[in-house]
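# Coordinates in review
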Amino acid sequence: MLFDFVEAGHFDYFLVGGRYTLLEQEPLATLFPACERKGTKIVIGGPYNSGNLVTGPVKDATFNTKIAPPAVLDRVARLHAVCEKHNVPLPAAALQFPLGHKQVVSVIPGARSVAELEQNLEFMRWPIPTALWSELREENLIDPAAPLPS
């Protein structure tokens, strides 16, 4: 739908909810190039995909507001393992990943309390080694076309 909008008009920004995350990078193929052509910037909402990129691969984890299917839980487990290897919390990688793309100007993780806001700020400041991003790409957990945060 957003692709149709960007092609039909002129917009400064789009809010893309849960579609450009560590789990989903489909907008790289169509939406993001169209936005770049038209000068439309992207704000990412839902970088945790309804929470499973915070909770990790636990029973009853949610993905896009529903119980995560086994394939998603497996992918989250693989993401989590790479992050642990590099001493990076999975939610820190999830929060910072979208900002590697030049069209993305902001990320809205959401918070239900001051404690969650403070935790999001900590995740945003967490130092992430380049090796983590490289390994995620080598393990085919990030689209080869996805720009990586520096």
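Residues numbered from 1 in each chain as written. Predicted model: local features only at pLDDT ≥ 70, side-chain atom pairs only at ≥ 80, totals over all residues. Heavy atoms only, no water.

## Remarks on the overall build of the protein
Check the secondary structure of the protein and you find seven helices and five strands. For the protein, the N- to C-terminal ordering of α and β elements is α-β-α-β-α-β-β-α-α-β-α-α. Here the C-alpha atoms of the protein give a radius of gyration of 15 Å, agreeing with the 15 Å that 2.2 N^0.38 yields for 150 residues. Taken along its principal axes, the extent of the C-alpha atoms in the protein is 45 × 35 × 30 Å. Out of the 150 residues in the protein, the part that is buried amounts to 42%. Split by element, the accessible area of the protein, about 8,000 Å² in all, is 57% carbon and sulfur. (Helix = DSSP H or I, 4+ residues; strand = E, 2+ residues; numbered from the N terminus. Rg over C-alpha atoms; globule rule 2.2 N^0.38 Å. Buried < 20%, exposed > 50% of the residue type's maximum accessible area, 1.4 Å probe, protein only. Areas by Shrake-Rupley, 256 points an atom, 1.4 Å probe, with all protein chains shown as cover.)

## Topic: the environment of Phe 63
Examined against the element boundaries, Phe 63 turns out to sit in strand β3 (residues 62-63). For Phe 63 and Leu 2, which are 61 residues apart along the polypeptide, the C-alpha to C-alpha distance reads 21 Å. With near-sequence residues (within four places) excluded, Phe 63 lies in contact with Leu 23, Glu 24, Asn 49, Ser 50, Asn 52, Ala 68, Pro 69 and Val 72. (Contact = heavy atoms within 4.5 Å.)

## Here's the deal with unusual backbone geometry
Positive phi, close to 50°, is recorded for Asn 64, a residue that is not glycine. Within the fold, Asn 64 resides in the loop between β3 and β4 (66-67). We classify Asn 64 as partly exposed; its relative accessible area is 21%. The phi dihedral of Asn 140 falls on the positive side, at around 60°, and the residue is not glycine.

## Quick notes on the sheet that holds strand β1 (residues 13-17)
Sheet strands pair via backbone hydrogen bonds, and the direction of the pair is either parallel or antiparallel. Judged by pairing direction, the sheet is parallel, and its three strands sit side by side in the order β1-β2-β5 without closing on themselves. A single partner strand is all that each edge strand has here, and the edge strands are β1 and β5 (104-108). The mean inter-strand angle of the sheet, taken between neighbouring strand axes irrespective of direction, is 25°. Sheet topology note: the strand β2 (residues 41-45)/β5 ladder contains four bridges and is parallel. Bridging from a neighbouring strand, Gly 45 pairs with Ile 108 of β5. (Pairing = 2+ DSSP bridges. Axes fitted to C-alpha atoms, helices over the stretch in contact; angles between N-to-C directions.)

## Brief notes about the environment of Val 76
Its place among the elements puts Val 76 in helix α4 (residues 70-85). Taking the relative accessible area as the measure of exposure, Val 76 reaches 0% and is therefore buried. Sequence-wise, Val 76 and Gly 56 are 20 residues apart; in three dimensions their C-alpha atoms are separated by 6.2 Å. Once residues within four sequence positions are removed from consideration, Val 76 is found in contact with Leu 23, Asn 52, Leu 53, Gly 56, Pro 57 and Leu 90.

## Examining the pairing of β2
Of all five residues in β2, four are buried; the element is thus mostly enclosed. In terms of strand pairing, β1 meets β2 through five bridges, oriented parallel. Counterpart to Tyr 13 in the pairing with β2 is Lys 41. For the segment spanning β1, helix α2 (residues 31-38) and β2, crossover handedness is right-handed. (Right-handed = clockwise from strand over helix to strand, strands pointing away.)

## Here we look at the packing of α4 against helix α7 (residues 130-138)
Where α4 meets α7, the closest approach of the two axes is 10 Å, and the angle between their N-to-C directions is 150°. Taken together, the axis directions place α4 and α7 in an arrangement best described as roughly antiparallel. The way α4 lies across α7 gives a crossing that is right-handed. Residues Leu 79, Val 82, Cys 83 and Lys 85 of α4 pack against Leu 132, Glu 135 and Leu 136 of α7. In the contact of α4 with α7, the residues fall into five nonpolar, no polar and two charged. (Parallel < 35°, antiparallel > 145°, perpendicular 65-115°, else oblique. Left-handed = near helix turned anticlockwise from the far one by under 90°. Nonpolar A, V, L, I, M, F, W, Y, C, P; charged D, E, K, R; others polar.)

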